[in-house]
Amino acid sequence: MKQITRRFGSLNKIFGDEMVDFVTRGGVYRGKNFVGGRWEESAKHEEIPDPLSGKTMCLTPVNSDVAEAKRVISELAKCPKSGLHNPFKDPGAYRRWGDVMTRATMQLHRKEVESFFLALNQRVMPKSESECFKEFVVTRQFVENFGGDNPRFALRGFGVAGDRNGGISQGWRFPFGPCMMISPFNFPIEIFGLQLIGGLIAGNKILAKPDSRVGVVGEALVRLLLHCGMSAESLIFLYNNGPNTEQLIREGLDVIRLLQFTGSSVVAERLSQLLHGKIRMEDSGMNWKILGPDVSDLSFVAGQTDQDAFACSGQKCSALRLLFVHENWSKTDLLDQVSARAKQRSYKDRTLSPILTWSNQRLSTHVEKVLAVPGARLVTGGRPVEEKLDIPTQYGTFQPTLIEVPLSAFEDPKHFQTLTSEVFAPFTLAVTYKHTELPKVLSVMERVKFHLTAGVVSNDLR
């Protein structure tokens with residue numbers, strides 16, 4: 001074991017003493033930015049409360065100074081729009097990235113590194129161990145995919161015959177160059193890691209800005225990649241709050257060639273206008289599932305529905321929001337089974353999580369509004385949890401909520417707006433439909449603005 005530790009580095013060597021102490025002993029972590037190839041302290045900090053206790057958990061840098069913003073953007077501008085590497089410039093970089101990914105894969109397979117990330121992830125975004133583990137495994141598998149020579153092959157171009165003698169058309173995958181990335185709070189390592197690594201191996205230099213509430217996880221991953229041989233010029237890592245980040249973007253409008261954003265549709269729209277469309281985004285989804293006419297595997301369907309809707313307290317852009325139930329299923333106790341499973345969730349085992357963007361008051365108001373729709377019926381939940389908790393009051397602590405509404409309610413434009421509004425919390429609607437009403441179900445989904453994930457439950461492939 002000592003030989004393995006010497007070969008791969010101790011946790012303290014990879015992540016630093018302060019971060020390791022934060023994970024193993026608790027206390028407060030002081031976040032650091034990575035600019036110009038070095039870790040930097042900041043004079044100004046924002047206090048981030050522990051989601052479960054309300055005590056200060058992290059002090060994250062706040063960059064409100066215009067001169068500081070200009071310095072960061074000038075560092076990003078050192079990367080030309082041809083990127084740090086491309087198929088013609090330093091093509092050996094693809095193989096070097098393959099070596100970094102290979103070493104990172106070996107690190108992520110170490111039990112102590114795995115346990116470190118799981119504990120860190122659960123500290124800043126409390127969710128069940130299984131949810132944290134799935135997120136970590138997806139990230140590890142992604143890193144594995146780009147070991148060895150795979151970055152080069154993943155970025156292969158194309159060649160086709162020309163339309164006249166002597167002509168040929170050949171295309172190459174080129175980087176954008178200086179880019180920015182803003183990642184959300186709900187998947188601290190997965191979304192941050194996958195988007196960052198994908199952009200880096202393509203040759204971009206990235207200004208990475210995670211949600212400050214979970215930014216320490218992104219910082220840990222950057223430290224791991226640097227330990228595994230990533231060039232210090234590859235990226236800039238920055239904590240910041242929303243208003244100051246917008247100011248930073250305004251300073252960099254002529255430099256930032258693309259922004260990768262994951263978050264709310266409201267912020268996505270604002271950034272799209274600010275950047276005049278130089279943005280790739282993943283925002284919210286009014287995700288749906290249709291239960292077909294053939295009833296089977298009742299227990300499995302109920303369990304999967306509970307998981308899709310209420311895991312991580314519904315704080316997933318892929319969480320189930322609309323459940324269309326064929327009339328044949330209404331003859332079973334499906335909704336009662338979903339309700340029973342939802343009631344077993346608790347903050348004690350972290351199968352419920354603090355709701356970081358919706359307060360109890362806001363959720364209660366929305367529930368009342370939905371229940372005011374003619375024919376609406378509360379199946380389960382509908383109010384804050386009754387457990388005695390120390391969760392900060394600005395965070396929601398709401399019961400998993402399932403409300404059944406009639407299909408006809410979606411025909412009224414006013415009700416439609418209410419029933420399809422974005423709710424990033426454990427909140428789902430069940431809609432029973434008759435066999436002859438499938439066209440109406442399809443019409444509802446056609447009118448929904450946001451689409452991300454979907455499911456059809458049936459053993460009839462046709």
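Residues numbered from 1 in each chain as written. Predicted model: local features only at pLDDT ≥ 70, side-chain atom pairs only at ≥ 80, totals over all residues. Heavy atoms only, no water.

Trainee: What's the story with the environment of Asn244 in this structure? I'm lost.
Mentor: Mapped onto the elements of the fold, Asn244 is located in helix H11 (residues 242-251). According to the relative accessible area criterion, Asn244 is buried, its value standing at 11%. If sequence neighbours within four positions are ignored, Asn244 has contacts with Val62, Asn63 and Ser64. There is a polar contact of 3.0 Å between the side chain of Asn244 and the side chain of Asn241. (Helix = DSSP H or I, 4+ residues; strand = E, 2+ residues; numbered from the N terminus. Buried < 20%, exposed > 50% of the residue type's maximum accessible area, 1.4 Å probe, protein only. Contact = heavy atoms within 4.5 Å. Polar contact = N/O pair within 3.5 Å; in protein donor to acceptor, adjacent residues only side chain to side chain.)

Trainee: Would you take a moment to explain the nonpolar core for this structure?
Mentor: Generally speaking, nonpolar side chains in soluble globular proteins are found buried as a group. The biggest cluster of nonpolar side chains holds 91 residues, and the ones touching the most others in it are Phe15, Phe116, Phe117, Leu196, Val216, Phe324 and Val405. Residues in contact with Val216, not counting those within four places in the same chain, are Met19, Phe22, Tyr29, Cys58, Leu120, Val124 and Tyr239. Of all hydrophobic cores here, the second largest spans 21 residues; its members include Ile182, Ala268, Leu274 and Ile279. (Core = buried A, V, L, I, M, F, W, Y, C linked by side-chain atoms within 4.5 Å.)

Trainee: Can you walk me through unusual backbone geometry in this structure?
Mentor: Peptide bonds are mostly trans, and most non-glycine residues show a negative phi. A positive phi angle, near 55°, is found at His276, a position not held by glycine. Among the secondary structure elements, His276 is positioned in the loop between helix H12 (265-274) and strand E12 (279-282).

Trainee: Whenever I open this one, the sheet that holds strand E13 (residues 287-291) confuses me. Can you help?
Mentor: What links the strands of a sheet is backbone hydrogen bonding, and the strands pair in either a parallel or an antiparallel sense. Spatially, E15-E16-E17-E14-E13-E18 is the arrangement adopted by the six strands of the open sheet, whose pairing is mixed. Strands with a single pairing partner mark the edges of an open sheet, and in this sheet they are strand E15 (377-380) and strand E18 (454-457). On average, each strand axis in the sheet is inclined to that of its neighbour by 20°, with strand direction left out of account. In this sheet, strand E16 (residues 401-404) lies alongside E15 in antiparallel orientation, the contact comprising three bridges. Its bridge partner lying in E16, Leu378 is registered against Ile403. Helix H14 (residues 334-343) contacts E13, strand E14 (320-326), E15, E16 and strand E17 (427-433) of the sheet and is inclined by roughly 55° relative to E15. (Pairing = 2+ DSSP bridges. Axes fitted to C-alpha atoms, helices over the stretch in contact; angles between N-to-C directions.)

Trainee: Would you mind showing me how to read the sheet that holds strand E5 (residues 56-61) here?
Mentor: Strand order in the open sheet made by the three strands is E1-E5-E4, with mixed pairing throughout. Both outer strands of the open sheet, strand E1 (29-30) and strand E4 (45-49), are each paired with one neighbouring strand and no more. Sheet analysis places E1 next to E5, joined by two bridges and oriented parallel. Bridged to Arg30 within E5 is Leu59.

Trainee: Can you help me understand the state of the cysteines in this one?
Mentor: In protein chemistry, a disulfide is the covalent bond that joins the sulfur atoms of two cysteines. Considering all chains together, one arrives at zero disulfides under this definition. Looking at the unpaired Cys312, the closest cysteine sulfur is the one in Cys132, lying at 8.1 Å. Overall, the relative accessible area of 2% leaves Cys312 in the buried class. Counting only cysteine sulfurs, Cys312 is the nearest neighbor of Cys317, a cysteine outside any disulfide, at a range of 10 Å. (Disulfide = S-S within 2.5 Å.)

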